[in-house]
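# Inside the fold
Listed here are the chains, written in short residue letters.
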Amino acid sequence: DDLRNVDIKNLQNYEPYLLKRDSFKHENEVRLLIDYKDIKEKDKGIHEKYYNLKLDVNKLLDEVIVDPRAEDWFYSMVKSYCKKNGINNVTKSKLYEDNFEKVII
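These lines cover the structure that appears in this document, whether it is placed above or below. (Residues numbered from 1 in each chain as written. Predicted model: local features only at pLDDT ≥ 70, side-chain atom pairs only at ≥ 80, totals over all residues. Heavy atoms only, no water.)

## Some details on the overall build of the protein
Scanning the protein from terminus to terminus reveals four helices and two strands. Ordering the α and β elements of the protein from the N terminus gives α-α-α-β-α-β. Each of the 105 residues in the protein was classed as buried or not, and the buried ones make up 10%. Put simply, the protein shows about 10,300 Å² of open surface, and 53% of that area lies on carbon and sulfur atoms. (Helix = DSSP H or I, 4+ residues; strand = E, 2+ residues; numbered from the N terminus. Buried < 20%, exposed > 50% of the residue type's maximum accessible area, 1.4 Å probe, protein only. Areas by Shrake-Rupley, 256 points an atom, 1.4 Å probe, with all protein chains shown as cover.)

## With respect to the nonpolar core
Grouped together as the largest cluster of nonpolar side chains are eight residues: Val64, Val66, Ala70, Tyr75, Val78, Cys82, Ile87 and Val90. Elements that contribute at least two residues to this core include exactly strand 1 (64-66) and helix 4 (72-84). Counting residues per element, this core draws most heavily on helix 4, at three residues. With sequence-adjacent residues up to four places away left out, Cys82 is seen in contact with Val64, Ile87 and Val90. (Core = buried A, V, L, I, M, F, W, Y, C linked by side-chain atoms within 4.5 Å. Contact = heavy atoms within 4.5 Å.)

## Looking at the pattern of salt bridges
Inspection of the entire model under this criterion finds two salt bridges. We note a salt bridge from Lys92 to Asp72, for which the minimum N-O separation is 3.4 Å. Of the two residues, Lys92 sits in strand 2 (residues 90-92) while Asp72 sits in helix 4, which places them 20 residues apart along the sequence. You can call Asp72 exposed: its relative accessible area is 59%. (Salt bridge = Lys/Arg side-chain N within 4 Å of Asp/Glu carboxyl O.)

## Let's talk about the environment of Leu95
With respect to the element layout, Leu95 can be found in the segment after strand 2. As a C-alpha pair, Leu95 and Asp67 span 28 residues in sequence and 8.5 Å in three-dimensional space.

## Structural notes on helix 4
A rise of 1.5 Å per residue sets the reference length of helix 4, with its 13 residues, at 18 Å; its end C-alpha atoms lie 18 Å apart and thus fit the reference within 8%. If you check which residues of helix 4 are buried, you get Tyr75, Val78 and Cys82. Considered in projection along helix 4, the buried side chains sweep an arc of 65° and stay on one side of the axis. With respect to the buried face of helix 4, the exposed residues turned more than 90 degrees away are Asp72, Trp73, Tyr81, Lys83 and Lys84. Looking at the buried positions of helix 4, the neighbouring elements they touch are strand 1 and strand 2. Once helix 4 ends, the next one or two residues include Gly86, with phi positive near 80°. (Expected span 1.5 Å × (residues − 1). Arc of directions from axis to C-beta.)

## Side note on the packing of aromatic side chains
Tallied over the full model, the rule gives one aromatic pair. Aromatic side chains Trp73 and Phe74 sit 5.8 Å apart centroid to centroid with 90° between the ring planes, which places their arrangement in the edge-to-face category. (Phe/Tyr/Trp six-rings, centres within 6.5 Å; stacked < 30°, edge-to-face > 60°.)

## Some points on a nonpolar patch on the surface
A surface patch of nonpolar side chains, amounting to about 540 Å² of accessible area, comprises Leu32, Leu53, Leu55, Val57, Leu60 and Leu61. Looking at where Leu32 falls in the secondary structure, it is placed in the loop between helix 1 (15-18) and helix 2 (41-44). For Leu32, a relative accessible area of 57% corresponds to the exposed category. (Patch = residues over 30% accessible without salt bridge, like charges linked within 9 Å, V, L, I, M, F, W, Y side chains within 5 Å.)

Structure (structure tokens):
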């Protein structure tokens, strides 16, 4: 379904997931929201907390950017996992890097 089928009365439940800070607008991300009450019992599978989607991540993702505050071990783990799954464009975000010109006053 798309937003045309969302019950407006319940939209406030999704508001935190629909908002994005302006500094992250360059990500052009797509978010998938699933309301489990709308999923038929037969489609829930063994793990009711998870819903398996068949996606080709290489068609879906251009790159994976890891939080700049992530520790090196976590970044390495993500990079290794992605490489095993055919995703080679993995970087650590430069969001908090010093990117302004320094001027001596």
